[in-house]
Structure formats: structure tokens, C-alpha cells
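Here is what each chain is made of, one letter per residue.
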Amino acid sequence: MTQAMASKVWAAHLLTLFPEMFPGPLGHSLAGRGLKKQLWSLDCHNIRDFATDKHANVDAPPFGGGHGMVMRPDVIGRAIEHLQDSLPDSHDTAFVYPSPRGRLLDQKMARQLSQKDGMVIVCGRYEGLDQRAIEHYQLEEVSIGDYVLSGGEQAAMVILDAVVRLLPGVMGKEISHLEDSFETGLLEHHHYTQPRDWKGLEPPEILLSGHHQNIAKWRAENARDITASRRPDLMAAYMAKKHLDTEDKD
Ligand code: SAM
């Protein structure tokens, strides 16, 4: 058992055919600093190490014919069971399979995942995993968008980045992410900084007023306007929730 597994550091375990891709972008900036400070841990296992034939095959042609190759359930199964055996029983670990057929990743899901003790992520390649492995290990299929990537590694990086920035201590100011897009149900307001005059363009006057209440009001209105024009679906959900909250109070 590794030190990260024994303590309660939020732990990411990756099953991949390309462990050398990690930490990649996750080794930089917020996530990278958090990793160095051991606010979270990352360990990668090569799926090929769990193949047993002499060519170390991890895939095979699909039953029923067709193009591409499918990742073998026996190889994936040994890799997952190896991880299951090494995780403490007390740990609440999510088992995730990034997949374009999965539930769409959103901020709520990222927050829920950050509240667990960690994640096992099975990175698919080729045509993906044999369905029996997905069902047997009850892997939660998570999509990062309606497009097809060539592998689950890039999706795993996106999922992990969204999750680890929410872990305590990873962001400088705990408060700052509470205003991020989606946290309030709305997209975030516009941002402006130095210089005050850039190419003859000035920031909205109110932001220079020093009047915190008015600034907060402007930002809230700006966030609502942006959400209504860019994401009417989010705005409708926000308004419906507000309506329900008001009814609850009455
Ligand atoms: N044949 C699959 C399909 O049409 O649903 C696509 C397989 S894709 C070429 C290979 C792997 O990339 C998948 O098994 C999955 O792990 C990952 N992947 C591709 N697109 C993804 C997405 N939008 N979200 C999450 N993972 C994705």
C-alpha cells in the first residue's frame, strides 16, 4: 500500500496504455502545485502489465465483426482487481470510464467526485472497453463532450483538472472558485484589469468606483445577462430553481 493510499490524500489511480502521458498538464499550475504539496496523489498503471499472453495483447477484434479493436475484459479485469485489492476498504473511490456515451461532466459532478476519497479512471483506446467489464465493475461512464477523442487519457486529464482544483488547499483562495462559472448556476461575469486605458477602451466605470455593493450588483446582473444570451438552457434551469426556492420559503 502506498503512502497516499494509507493516508486520506485524495488519490487518483489511472489505468492506461500510455502512463508516460501523465502527469502532463496536471503537473503544472494549480493541479501541479497541489500534486507537489501532496494535496492529491496520482499513480498510473500500465494496462499492458496485466496482459498474460506472450505478445501482451490488450485488445481483440469485436465479436460480430466490424472495424477496430475492443479492449479485453480479462486484461482490464485483472488491472481493476489489482487496484481494488490495494485500496483501503474505508476509502470511497469512484470508478470512472471516460466515454463519449457517458453522463456529461459538469461542475456538480466534479464537486461530487472531489468529495470522495479518490478515483480510479480506466482510459479507453481503440473502440473502447468490452461492455461486460463496464457492467461487472459498475464503471461510471463520463463524457467530456459530444465529440470523439482518440483515447481516454485526454478526458481523464480534463476530469481530474476539474476535480482537483476543488480540493481543499489547491486553490489559493478557497472562496475564489465559488464565483466560477456554473458554481452559482450561471456563467461568470466579465473580468477587467490593468491598464485602465487599453487601445482607448475603458472598463465599466462602476468597477473603478470602489463601491463594493454596487460592484457586486453589477457583476450579478452581468452574469445573468451573459447566461441568458449564451446559455438559455442554464438560465431557464436557474430561474426554475429560484422559483422553487421562493416557493419553499413561502
Ligand atoms: N467507439 C467509441 C464510440 O463511438 O463511442 C469511441 C472510442 S474512442 C476512439 C476511444 C476512447 O476514447 C474511449 O474508449 C474513451 O475512453 C475515450 N473518449 C473518446 N471520446 C470521449 C469523450 N467525449 N469523453 C470521454 N472519453 C472519450
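Sequence positions are assigned chain by chain, starting from 1 and proceeding in written order. Reporting of local features is limited, given that this is a predicted model, to residues whose pLDDT is at least 70; pairs of side-chain atoms are given and counted only at 80 or more, and all residues count toward the totals for whole chains, interfaces and linings. The side-chain numbers reported here are obtained from all heavy atoms of the structure, hydrogens and water having been left aside.

A short note on helix α4 (residues 107–114)
Every buried residue of α4 is listed here: Q107, M109, A110, L113 and S114. The buried side chains of α4 occupy one side of the element, clustering within an arc of 160 degrees when seen end-on. Whether two residues are in contact is decided by their heavy atoms, any of which lying within 4.5 Å being enough. Labels follow the DSSP assignment, with helices taken as runs of H or I lasting at least four residues and strands as runs of E lasting at least two, numbered in each case from the N terminus. As for α4, its buried residues are in contact with β1 (10–16), β5 (93–104), β6 (118–122), β7 (140–143) and α6 (152–164). To sort residues, take the accessible area from a 1.4 Å probe on protein chains only and compare it with the maximum for the residue type: under 20% means buried, over 50% means exposed, and anything in between is partly exposed. The arc in question is formed by the directions pointing from the helix axis toward the C-beta atoms.

As for unusual backbone geometry
Going from F22 to P23, the amide bond is cis rather than trans, its omega being 0 degrees. Geometrically, the link from Q194 to P195 is a cis peptide bond, its omega value of -5 degrees lying close to zero. Note on placement: P195 falls in the loop between α6 and α7 (212–230). Positive phi, normally seen in glycine, also occurs at S29, with a value near 55 degrees.

Points about the confidence of the model for the protein
Think of pLDDT as the predictor's per-residue confidence, scored from 0 to 100. Within the protein, residue pLDDT values average 94, and 96% of them lie at 70 or more. A low-confidence stretch, residues 1–5 (pLDDT under 50), is modelled with nine contacts involving residues beyond four sequence positions or located in other chains.

Some details on the sheet that holds β6
Strands qualify as paired when DSSP identifies two bridges or more between them. Reading across from one edge, β2-β1-β6-β5-β7 is the order of the five strands in this open sheet, with parallel pairing throughout. With partners counted over all chains shown, the strands left at the sheet margins are β2 (40–46) and β7, one partner each. If you compare each strand with its neighbour and ignore which way they point, the axes differ by 30 degrees on average. Note that β1 and β6 share five bridges and pair parallel. Across the sheet, residue A12 finds its bridge partner in β6, namely M119. Each axis is a line fitted through C-alpha atoms, taken for helices only over the stretch in contact, and angles between the N-to-C directions span 0 to 180 degrees.

With respect to the state of the cysteines
Two cysteine sulfurs form what is called a disulfide whenever their separation falls within 2.5 Å. According to the stated counting rule, one finds zero disulfides in the structure shown. As a non-bridged cysteine, C44 has C123 as the owner of its nearest cysteine sulfur, 8.0 Å distant.

A word on the nonpolar core
By size, the foremost hydrophobic cluster in this structure holds 27 residues, and its most contacted members are W10, W40, M119, I159 and L160. Those elements that place two or more of their residues in this core are β1, β5, α4, β6 and α6. Counting residues per element, this core draws most heavily on α6, which supplies seven residues. Note on terminology: a nonpolar core comprises buried Ala, Val, Leu, Ile, Met, Phe, Trp, Tyr and Cys residues joined through side-chain atoms within 4.5 Å. In terms of nonpolar packing, the next biggest core, distinct from the first, is built from 22 residues, I47, V75, L87 and L139 among them.

What to know about the site of the ligand
The rule for a residue being near a molecule or strand is that one of its heavy atoms must lie within 4 Å of it. The environment of the ligand is formed by 20 residues, the closest being Y97, P98, E127, Y147 and L149. In the analysis that follows, any N or O atom pair within 3.5 Å is treated as a polar contact, provided that within protein one partner can donate a hydrogen and the other can accept it, and provided that, for residues neighboring in sequence, both atoms belong to side chains. Contacts to the ligand include G145, whose backbone N or O atom sits 3.0 Å from a nitrogen atom. In the model, a nitrogen atom of the ligand is placed 2.9 Å from a nitrogen or oxygen of the L149 main chain. Per-residue and other accessible areas were derived by the Shrake-Rupley procedure at a 1.4 Å probe size, with only the shown protein chains allowed to occlude residues. Here the ligand has 590 Å² of accessible area as a free molecule, and 85% of this is covered by the chains. With five residues, β5 is the single largest residue contributor to the shell around the ligand. Residue classes follow a fixed rule: Ala, Val, Leu, Ile, Met, Phe, Trp, Tyr, Cys and Pro count as nonpolar, while Asp, Glu, Lys and Arg count as charged, and any other residue, Gly among them, counts as polar. Class assignment for the residues of the shell around the ligand results in ten nonpolar, eight polar and two charged.

Brief notes about the environment of K241
Relative to the helices and strands, K241 resides in helix α8 (residues 232–249). Between the C-alpha atoms of K241 and G185, which are 56 residues apart in sequence, the distance is 9.2 Å.

Quick word on the environment of L244
Take L244: it is sitting in helix α8. For L244 and P88, which are 156 residues apart along the polypeptide, the C-alpha to C-alpha distance reads 41 Å.

A closer look at the pattern of salt bridges
Any carboxyl oxygen of Asp or Glu that lies within 4 Å of a side-chain nitrogen of Lys or Arg is treated as forming a salt bridge with it. Applying the stated rule across the entire model yields 13 salt bridges. The salt bridge partner of E140 is R103, with a shortest N-O separation of 3.4 Å. On the criterion of sequence distance, the pair formed by E140 in strand β7 and R103 in strand β5 is long-range, its members being 37 residues apart. Close ionic contact of R132 with D130 constitutes a salt bridge, the shortest N to O distance being 2.7 Å. The class for D130 is buried, based on a relative accessible area of 13%. Linked by salt bridges that have partners in common, R196, E202 and E205 make up one network.

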